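Chain residues, written in single-letter form:
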Amino acid sequence: MSLGDSMTKRIIAIVGMAGAGKSEVAAAVEALGYTRVRFGDITEEEIRRRGLPLNEANEREVREELRREHGMAAYAILNLPKIETALEAGNVVVDGLYSWEEYLVLHERYGNVFTLLAVISSPATRARRLAARPRRPLTAQELRSRDRAEIEKSNKGGPIAVADITIINEGSLEQLLASVTRAMEDLP
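About the thresholds
- Within every chain, residues take consecutive numbers counted from 1 along the sequence as written.
- Reporting in this predicted model follows two pLDDT cut-offs: at least 70 for local features of residues, and 80 or more for side-chain atom pairs to be given and counted; totals over whole chains, interfaces and linings ignore these cut-offs and use all residues.
- Heavy atoms throughout the structure, all of them, feed into the side-chain values; hydrogens and water do not.
- In this description a helix means any DSSP run of H or I spanning at least four residues, a strand means any run of E spanning at least two, and both kinds are numbered starting from the N terminus.
- Atoms counted for the radius of gyration: C-alpha only. Globule rule: 2.2 Å times the number of residues to the power 0.38.
- Accessible area is worked out with a 1.4 Å probe on protein chains only. A residue is then buried under 20% of its type maximum, exposed over 50%, and partly exposed in between.
- In what follows, a contact means two residues having at least one pair of non-hydrogen atoms within 4.5 Å.
- Calculation of accessible area relied on Shrake-Rupley with a 1.4 Å probe; when residues are assessed, cover is drawn exclusively from the protein chains displayed.
- pLDDT expresses, on a scale from 0 to 100, how confident the predictor is about each individual residue.
- When DSSP locates at least two bridges between a pair of strands, those strands are taken to pair.
- Helix axes are fitted only over the stretch in contact, all axes being lines through C-alpha atoms; the angle between N-to-C directions runs from 0 to 180 degrees.
- Roughly parallel covers angles under 35 degrees, roughly antiparallel covers those over 145, roughly perpendicular covers 65 to 115, and oblique covers all other angles.
- For this classification, Asp, Glu, Lys and Arg are treated as charged, while Ala, Val, Leu, Ile, Met, Phe, Trp, Tyr, Cys and Pro are nonpolar and the rest, including Gly, are polar.

### Let's talk about the overall build of the protein chain
Okay, step 1: Broken down by element type, the protein chain carries 10 helices and 5 strands.
Okay, step 2: Taken over C-alpha atoms, the radius of gyration comes to 16 Å for the protein chain, in line with the 16 Å a tight globule of 188 residues would show.
Okay, step 3: Dimensions of the protein chain, computed from the C-alpha atoms along their principal axes, are close to 45 × 40 × 25 Å.
Okay, step 4: Burial analysis of the protein chain (188 residues in total) assigns 49% to the buried set.
Okay, step 5: Here the analysis covers contacts within the protein chain between residues at least 6 apart in sequence; of these, 78% occur between residues at least 24 apart.
Okay, step 6: A total accessible area of about 9300 Å² is found for the protein chain, and carbon and sulfur atoms account for 54% of it.

Right, dumping it as structure tokens:
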């Protein structure tokens with residue numbers, strides 16, 4: 001990507017704990033013409049390749065294995081080709097940044113065109129959402145386990161703490177979408 005191209009395009013990466021609303025925010029940004037790159041697709045593709053059922057235990061094992069093999073920036077590194085291809089066509093929204101190291105890779109590579117957006121919801125709100133989620137639901141116990149793994153093993157707290165934009169998502173989907181619209185209008 002040339003410097004000239006980088007000045008006209010934008011990458012927005014979304015970070016948040018499971019059930020906070022990352023995918024809803026990504027869909028809203030995608031509806032504004034951004035191309036979505038979902039970091040978690042790599043995990044699901046690997047689970048399918050292995051012929052395993054898609055569940056929390058297998059997702060965690062594959063995530064941790066990919067990070068052992070490629071380091072804590074694994075998902076940023078493995079998704080760079082998708083991001084670069086999408087960026088050639090226009091703006092990009094990254095759905096599901098996890099680690100501090102992934103943040104550093106993207107921030108250092110894309111500089112001023114990179115914006116980190118954190119979506120935050122309480123554990124109780126996230127537990128209600130995830131229990132009712134039709135695709136990949138989580139029990140309260142699975143959520144507590146995933147939260148702990150994401151904080152302790154994925155270094156997820158750092159990117160949430162340094163986000164350029166923070167959206168609190170405790171209300172309705174309509175309220176969340178209104179917050180996303182305001183945030184996007186306020187981008188420089």
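Read on for the rest.
### Description of the confidence of the model for the protein chain
Okay, step 1: Per-residue pLDDT for the protein chain has a mean of 92; in total, 96% of the residues score no lower than 70.
Okay, step 2: Here residues 1-7 is a poorly scored stretch, pLDDT under 50, and it has 6 contacts once near neighbours within four places are set aside; other chains count.

### Looking at the pairing of strand β5 (residues 165-168)
Okay, step 1: Alternating positions in β5 separate cleanly, Ile165 and Ile167 being buried on one face and Thr166 and Ile168 remaining unburied on the opposite face.
Okay, step 2: Sheet topology places strand β4 (residues 114-120) next to β5; 4 bridges connect them, and they run parallel. If you follow Leu117 over to β5, its bridge partner there is Ile165.

### Things to note about the packing of helix α3 (residues 41-49) against helix α5 (residues 74-89)
Okay, step 1: One can describe the packing of α3 onto α5 by two numbers: an axis separation of 10 Å at closest approach and a directional angle of 95°. In terms of orientation, α3 and α5 fall into the roughly perpendicular class. Contacts between α3 and α5 involve Asp41, Ile42, Thr43 and Glu45 on the former and, on the latter, Tyr75, Leu78, Asn79 and Lys82.
Okay, step 2: Residues belonging to the contact of α3 with α5 are distributed by class as follows: 3 nonpolar, 2 polar and 3 charged.

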